[in-house]
Amino acid sequence: MTASAVPLAEFEARLREVLRSKVEFIEVIGEDLVAAGGKRVRPAITYLASKTLGGGVQYVHDTDLAVCVELLHSASLLHDDLIDDSDTRRGRETAFRKFGNVVSVMSGDFMLSRLLVLLAAMPPSLTRAFGEAASAVCEGEVLQFQVAAYGDYTFENYLQVIYGKTAAVFELAARAPALLRGTEAAAVDALATYGREYGLAFQMQDDLLDLLGDETTIGKPVGGDLREGKATLPVLYLLEGQHAEEVRAILERRAEAEGDVERVRELAARHDIHARARQEIIRRARLAIEALHTLPPSPDRDRLEAYAAHEAERVR
């Protein structure tokens, strides 16, 4: 993505400004967030969706809207790291490891409060949209624990979990510019579908890499989801087959026995689970791309399509 297509330098500067605090610990966590960077996929979607609607022209509140999307995402990560007892995030020590639980949680809440301040200058429909997305994130996280506790491993539950964890914010990132611009309902729906399907593909790819990726490439040990009792897409496929009882037992004991992760990886390779999961990821990405075809062709629409098309090839 070229700098002219997505003004990330402007975005980073505004993000840093919004996260300023008189409290040193909050300031440091904010600086870590800016410095760690990441792919910035969600704010990029917001910029490109707005420019797609505006004939390539940026809207006055686009940067603040992109910052709001990133703040919601980042606040959820601070809370998620604590819930998952994670040691690192993007190669850095997690905030709760460095500062403790209270500082980490309250810093996440600080981000949400800054988000609300920015939204106050925008149409009320955006406050509702952000509230609905935040609710979905919370429900997805809690449902994930509920599914593991009850052993209720179904595709329906999995889709609901990953919608809340990931796709709800992608959907928000894509449709929020249409709400900001007051665009007709058809455009809002098209961008919402794009964001939702792309977000589902994105999380499915993350889940596939967590089990069957290369540790050197992804930068962390494989099998993290298994060790947390999470039945992700490749594991659900295995639960349909002849080794379902064995895989379920591994899942329920959180892969605690020596060789558990390696065994599931072996079974996945034997039954070509990678190819099957990749087909579903590609299908979701195509649904995202097709949704955009109701919008006028443009270079920015092409860039949105390219993001989704690339998903099945992502290796980290």
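Preceding this paragraph is the structure being described.
Anyway, here's the lowdown on the structure attached to this text. (Residues numbered from 1 in each chain as written. Predicted model: local features only at pLDDT ≥ 70, side-chain atom pairs only at ≥ 80, totals over all residues. Heavy atoms only, no water.)

### Remarks on a negative patch on the surface
- On the surface, D214, E215, E258 and E262 cluster together into a patch of negative charge.
- With respect to the helices and strands, E215 occurs in helix 10 (residues 215–218).
- On the basis of relative accessibility, which here comes to 41%, the residue E215 falls in the partly exposed class. (Patch = residues over 30% accessible without salt bridge, like charges linked within 9 Å, V, L, I, M, F, W, Y side chains within 5 Å. Areas by Shrake-Rupley, 256 points an atom, 1.4 Å probe, with all protein chains shown as cover. Salt bridge = Lys/Arg side-chain N within 4 Å of Asp/Glu carboxyl O. Lys, Arg positive; Asp, Glu negative; His and termini not counted. Charge placed at Lys NZ, Arg CZ, Asp CG, Glu CD. Helix = DSSP H or I, 4+ residues; strand = E, 2+ residues; numbered from the N terminus. Buried < 20%, exposed > 50% of the residue type's maximum accessible area, 1.4 Å probe, protein only.)

### Details of the pattern of salt bridges
- Going through the model one piece at a time under the given rule, you end up with 24 salt bridges.
- In this structure, E266 engages R263 in a salt bridge whose closest nitrogen and oxygen atoms are separated by 3.0 Å. With E266 and R263 both in helix 14 (residues 260–270) and 3 residues apart, this pair spans about one turn of that helix.
- When its relative accessible area of 23% is taken as the criterion, R263 is described as partly exposed.
- A single network of salt bridges, built from pairs that share partners, joins E197, E280, R283 and R284.

### Re the state of the cysteines
- With the rule as written, the count across this model stands at 0 disulfides.
- Left unpaired, C138 is separated from the closest cysteine sulfur, that of C68, by 17 Å. (Disulfide = S-S within 2.5 Å.)

### Some words on the environment of L33
- Here L33 shows up in helix 2 (residues 24–36).
- Of the residues examined, L33 reaches a relative accessible area of 10% and is grouped as buried.
- Considering only alpha carbons, one finds L33 and L239, 206 residues apart in sequence, at a separation of 38 Å.

### So, the nonpolar core
- The biggest cluster of nonpolar side chains holds 56 residues, and the ones touching the most others in it are I45, L71, L126, F130, Y194 and Y198.
- By size, the runner-up hydrophobic cluster in this structure holds 35 residues, among which are Y153, L209, V235 and L236. (Core = buried A, V, L, I, M, F, W, Y, C linked by side-chain atoms within 4.5 Å.)

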